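# Overview (structure and organization)
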Amino acid sequence: MITLYHCDGARSFRPLWMLEELGLPYELKMLPFPPRVFAKEYLAINPLGTIPFMVDGETKMTESSGICHYIGTRYGPTPLIVGPDEPAYGAFLNWMYFSDATLTFPQTLVLRYSQLEPEERRNPQVAGDYAKWFLGRLRAVEAATATAETLCADRFTAADIANGYALRLAGNIGLAKDFGPNVAAYWARLQARDGYKRAVAAEQKAGVEQNVAPRVRG
């Protein structure tokens, strides 16, 4: 069975959502955020101290979008994965990498310098600059969803999960108010999915059962 180490609201939500969309059995282990500070014993499991960490037999992975791709191909076939024989294969891969390298990266700096650092180390200029960076890069999603319900292949895929998490994080750090109309409508569609709702419920349930309080968000 797959074991997924997760923090409330963290990018490990991507593989959690993927697991729920596929209906696969898994064990969810909740950690306080950031685990390398508040759960130092976790470093013996994942020396990076980062989230997510997935264990599937001998396979161990730390990259959230990569885990989604792995789960879909390892436990497929599934329409959540776009195969190399499909015309949208390149677009699918591009969106999968885009989700973290282009969208989530600037958000982590907004989060750090607006909420996570001690008061004396917070930097509104850095947070503001990277918020603008994120919103600028989000123009690609605004354009892609102008005439389509999803990002690629004319169906919901793991690319929507990967980028959907970035939209969830944007909401948690106060950036959703600046979404364009297409992104806002797209995000509403994603949140309406049963798989998304199940993932949110699983996150909340595991937090209560394992006595790990949700992270306070600004």
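This text goes with the structure placed above it.
The structure contained in this document is the topic of the report that follows. Treat the numbers as computed from the prediction; the structure is a model and nothing was measured.

### Points about the pattern of salt bridges
Enumeration over the complete set of coordinates arrives at 13 salt bridges. Between Glu-27 and Lys-29 there is a salt bridge, and its shortest N-O distance comes to 3.2 Å. Glu-209 is paired through a salt bridge with Lys-205; the nearest N and O atoms lie 2.6 Å apart. You can see Glu-209 and its partner Lys-205 sitting in helix α9 (residues 194-209), four residues apart, about one turn around the helix. Judged on exposure class, the residue Glu-209 and its partner Lys-205 are both exposed. One network of salt bridges, in which partners are shared, links Arg-11, Arg-14 and Asp-100.

### So, unusual backbone geometry
Cis geometry is found at the peptide bond from Ile-51 to Pro-52, where omega equals 10 degrees. Mapped onto the elements, Pro-52 comes out in the loop between α2 (35-38) and β3 (53-56). For the peptide bond that leads from Gly-76 to Pro-77, omega is 10 degrees, which places it in the cis range. With respect to the helices and strands, the residue Pro-77 is situated in the loop between α3 (64-74) and α4 (89-116). Despite not being glycine, Asp-154 shows a phi value in the positive range, around 55 degrees.

### A closer look at the packing of helix α1 (residues 13-22) against α9
Two elements in contact, α1 and α9, have axes whose closest approach is 8 Å; the angle formed by their N-to-C orientations is 120 degrees. Taken together, the axes of α1 and α9 are oblique relative to one another. As for the relative orientation of α1 and α9, their crossing is right-handed in sense. Each of Phe-13, Leu-16, Trp-17, Glu-20 and Glu-21 in α1 lies in contact with α9, whose residues at this interface are Gly-195, Tyr-196, Arg-198, Ala-199, Val-200, Ala-202 and Glu-203. Its residues assigned to classes, the contact of α1 with α9 comprises seven nonpolar, one polar and four charged.

### Observations concerning the packing of aromatic side chains
Inspection of the entire model under this criterion finds eleven aromatic pairs. Centre to centre, the rings of Tyr-5 and Phe-53 are 6.0 Å apart; their planes meet at 45 degrees, and the pair counts as tilted. On the criterion of sequence distance, the pair formed by Tyr-5 in strand β1 (residues 2-6) and Phe-53 in strand β3 is long-range, its members being 48 residues apart. By the burial criterion, Tyr-5 is buried, and Phe-53 matches it. For the pair Phe-13 and Tyr-196, a centre-to-centre distance of 5.6 Å together with 70 degrees between the ring planes defines the contact as edge-to-face.

### Re the pairing of strand β2 (residues 26-30)
Burial along β2 is one-sided: Tyr-26, Leu-28 and Met-30 are buried, while Glu-27 and Lys-29, pointing the other way, are not. Bridge count between β1 and β2: five bridges; the pairing is parallel. Looking at β2, one finds that Leu-4 is bridged to Leu-28. Remark: the β1/α1/β2 crossover connection has right-handed handedness.

### Considering α4
Compared with the 40 Å implied by 1.5 Å per residue over 28 residues, the 37 Å span of α4 between its first and last C-alpha is a close match. By the largest-angle criterion, Phe-98 marks the main kink of α4, which is about 45 degrees.

What counts, and at which threshold
- Residues numbered from 1 in each chain as written.
- Predicted model: local features only at pLDDT ≥ 70, side-chain atom pairs only at ≥ 80, totals over all residues.
- Heavy atoms only, no water.
- Salt bridge = Lys/Arg side-chain N within 4 Å of Asp/Glu carboxyl O.
- Helix = DSSP H or I, 4+ residues; strand = E, 2+ residues; numbered from the N terminus.
- Buried < 20%, exposed > 50% of the residue type's maximum accessible area, 1.4 Å probe, protein only.
- Axes fitted to C-alpha atoms, helices over the stretch in contact; angles between N-to-C directions.
- Parallel < 35°, antiparallel > 145°, perpendicular 65-115°, else oblique.
- Left-handed = near helix turned anticlockwise from the far one by under 90°.
- Contact = heavy atoms within 4.5 Å.
- Nonpolar A, V, L, I, M, F, W, Y, C, P; charged D, E, K, R; others polar.
- Phe/Tyr/Trp six-rings, centres within 6.5 Å; stacked < 30°, edge-to-face > 60°.
- Pairing = 2+ DSSP bridges.
- Right-handed = clockwise from strand over helix to strand, strands pointing away.
- Expected span 1.5 Å × (residues − 1).
- Bend = angle between axes of the 7 residues up to and from the residue.

All we've got here are geometric facts, nothing functional implied.
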